[in-house]
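Below, each chain spelled out in residue letters.
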Amino acid sequence: MEGRIINLSRFCTDDGPGIRTTVFLKGCPLRCLWCHNPESQSRESEILYSAEKCVGCTSCEAVCPGGCHSFREGVHLFQRGECIGCGGCAKLCPTEALTLSGKTVDSAEIFREVARDAVFYRESGGGVTVSGGEPLAQPAFTADLLRLCRENGIGTAVETCGFAGEAAVETVLPFCDFILFDVKETDPERHRRFTGVPLEPILKTLHRIAERKIPFRLRLPVIPGFNDREEHFAKAKELAAGFSSCQGLEVMPYHSLGQYKYVQLGKPYLCADVKEPTPETIARWRAAVEG
Ligand code: SF4
Ligand code: SF4
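Here we summarise the structure given alongside this text.

Reading the values: rules and limits
Residues numbered from 1 in each chain as written. Chains lettered and ligands numbered in written order. Predicted model: local features only at pLDDT ≥ 70, side-chain atom pairs only at ≥ 80, totals over all residues. Heavy atoms only, no water. Helix = DSSP H or I, 4+ residues; strand = E, 2+ residues; numbered from the N terminus. Rg over C-alpha atoms; globule rule 2.2 N^0.38 Å. Buried < 20%, exposed > 50% of the residue type's maximum accessible area, 1.4 Å probe, protein only. Contact = heavy atoms within 4.5 Å. Areas by Shrake-Rupley, 256 points an atom, 1.4 Å probe, with all protein chains shown as cover. Lys, Arg positive; Asp, Glu negative; His and termini not counted. Charge placed at Lys NZ, Arg CZ, Asp CG, Glu CD. Pairing = 2+ DSSP bridges. Axes fitted to C-alpha atoms, helices over the stretch in contact; angles between N-to-C directions. Expected span 1.5 Å × (residues − 1). Arc of directions from axis to C-beta.

1. Quick look at the overall build of the protein
Part 1 of the argument: A count of helices and strands for the protein gives 11 helices and 12 strands.
Part 2 of the argument: What you see for the protein is a C-alpha radius of gyration of 20 Å, in line with the 19 Å of a compact globule of 291 residues.
Part 3 of the argument: For the protein, the spread of C-alpha atoms along the principal axes amounts to about 65 × 45 × 35 Å.
Part 4 of the argument: Looking at the 291 residues of the protein, the share that counts as buried comes to 49%.
Part 5 of the argument: Across the protein, the fraction of contacts at a sequence separation of at least 24, relative to all contacts at a separation of at least 6, is 71%.
Part 6 of the argument: Here the protein has roughly 13800 Å² of accessible surface; of this, 53% comes from carbon and sulfur atoms.
Part 7 of the argument: In the protein, 34 positive and 38 negative side-chain charges are present, and the distance between their average locations comes to 1 Å.

Here you go:
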C-alpha cells in the first residue's frame, strides 16, 4: 500500500509506551496558526532551502526542469513557482542547502525497516507510532502498516488530531493498540479560527475511539495567546473524565523550533510574536488538568 511520508525516527520515547519508531506522514488537513512542522502540511514533496549553506556551484540551475534556480551577479535566486518536487536539485546539492521533504513509500517496505528494532520494542513494551502530518489522512497506508506490525507482534499507536471522516477512522482504529489524541482547543469557534477546521468531527472520532475501548491519552499543546485559558483546560479535563479508556492528559509546551522551516519553505510564519510558555505556566496548566 503506497503512502506519503516525511521520515522515520528511531528510538523515540515520547510517542507512546516504551521505545518506539515513529513514522511521520506527509499531509495534514489542519492549518494550525502556530504549526511547528509546516513541511508536514502539504502532501506534495517540497524543497527546503537554506541560503546560508549555498556555495553557488550552480548544479541546481543546470538540472531543474522548471527553471526554478537562477543566478544574478553571483546571487542564487530560488523561485519555487514551477517546482514539481522532483528532487533533482537536492540530489546534486553538495552542501545540503537544498533538501527534499516528502517521498512515496510502500507499507511493506516501511514495515521491514521498522521491524529491524523489534527486539527493542519487545524489551521495552514499545512499538511503532504513526504520526504526522495526519495518519487518518492516509487511512489505507496507516492501517496496512499497523496491521503488519500487529501480525508480527509489534505494538501499534497513532498520534492524531482526529479530523477525519468515519470511513477513514474505522479503517485505522481496528489496528491501534494505543492513541495519542491532540486537542488544540475545546471552544468550537476558536478551534475553527485557530486550526481552520471544525471541532465536531474531532469529538466524533474521540467517541469512536472510546467506544472501541482503545486506550488513549489527550495531548494538549499550550500556545500562549491562543489556548492558554482556564476554560480550555477545564473543558479538556472534563472531556477526559468522560471516557474510561482515557489514560490521562499531557500538557505540551509550544516551542518555536519550527520557525526556521518557514524561512526554508518560503512561507510566512503567522505566530512570530508568540513566546514559548515558561516552566511556571506549564506547571500551572499541568496542575489544572491533574488536580
Ligand atoms: S525539486 Fe525539481 S523542480 Fe523543484 S526546484 Fe528542485 S530540480 Fe527544480
Ligand atoms: S546546488 Fe546547492 S550549493 Fe549549488 S548553487 Fe544550488 S543550492 Fe547552492
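2. Focus on the sheet that holds strand β9 (residues 155-160)
Part 1 of the argument: One open sheet holds the 8 strands; their spatial order is β7-β1-β2-β8-β9-β10-β11-β12, and the pairing between them is mixed. Each having just a single partner strand, β7 (103-106) and β12 (246-253) make up the two edges of the open sheet. Sheet twist, expressed as the average angle between the axes of neighbouring strands with direction ignored, equals 30 degrees.
Part 2 of the argument: Bridge analysis of strand β8 (residues 127-131) against β9 gives 4 bridges, and the strand direction is parallel. What sits directly across from Gly127, in β9, is Gly155.
Part 3 of the argument: Sheet contacts for helix α9 (residues 230-241): β11 (216-222) and β12; angle to β11, the most-contacted strand, approximately 175 degrees.
Part 4 of the argument: On the sheet, helix α11 (residues 279-290) packs against β11 and β12 and is oriented at approximately 165 degrees with respect to β12.

3. Here we look at the environment of Leu30
Part 1 of the argument: Relative to the assigned elements, Leu30 resides in the loop between β2 (20-25) and β3 (46-49).
Part 2 of the argument: Linking Leu30 and Gly87, residues 57 residues apart in sequence, is a C-alpha distance of 26 Å.
Part 3 of the argument: When sequence neighbours within four positions are dropped, the list of residues in contact with Leu30 reads Cys161, Phe163, Lys184, Thr195 and Val197.

4. Some details on α9
Part 1 of the argument: Over its 12 residues, α9 extends 17 Å from the first C-alpha to the last, a length consistent with the 16 Å expected when each residue adds 1.5 Å.
Part 2 of the argument: Those residues of α9 that fall on the buried side of the exposure criterion are His232, Phe233, Ala236, Leu239 and Ala240. Along the axis of α9, the buried positions cluster into a sector of 120 degrees, meaning they face one direction only. Turned more than 90 degrees away from the buried face of α9 sit Glu238 and Ala241, all of them exposed.
Part 3 of the argument: Among the structural elements, α8 (200-211), β11, β12 and α11 are those in contact with the buried residues of α9.

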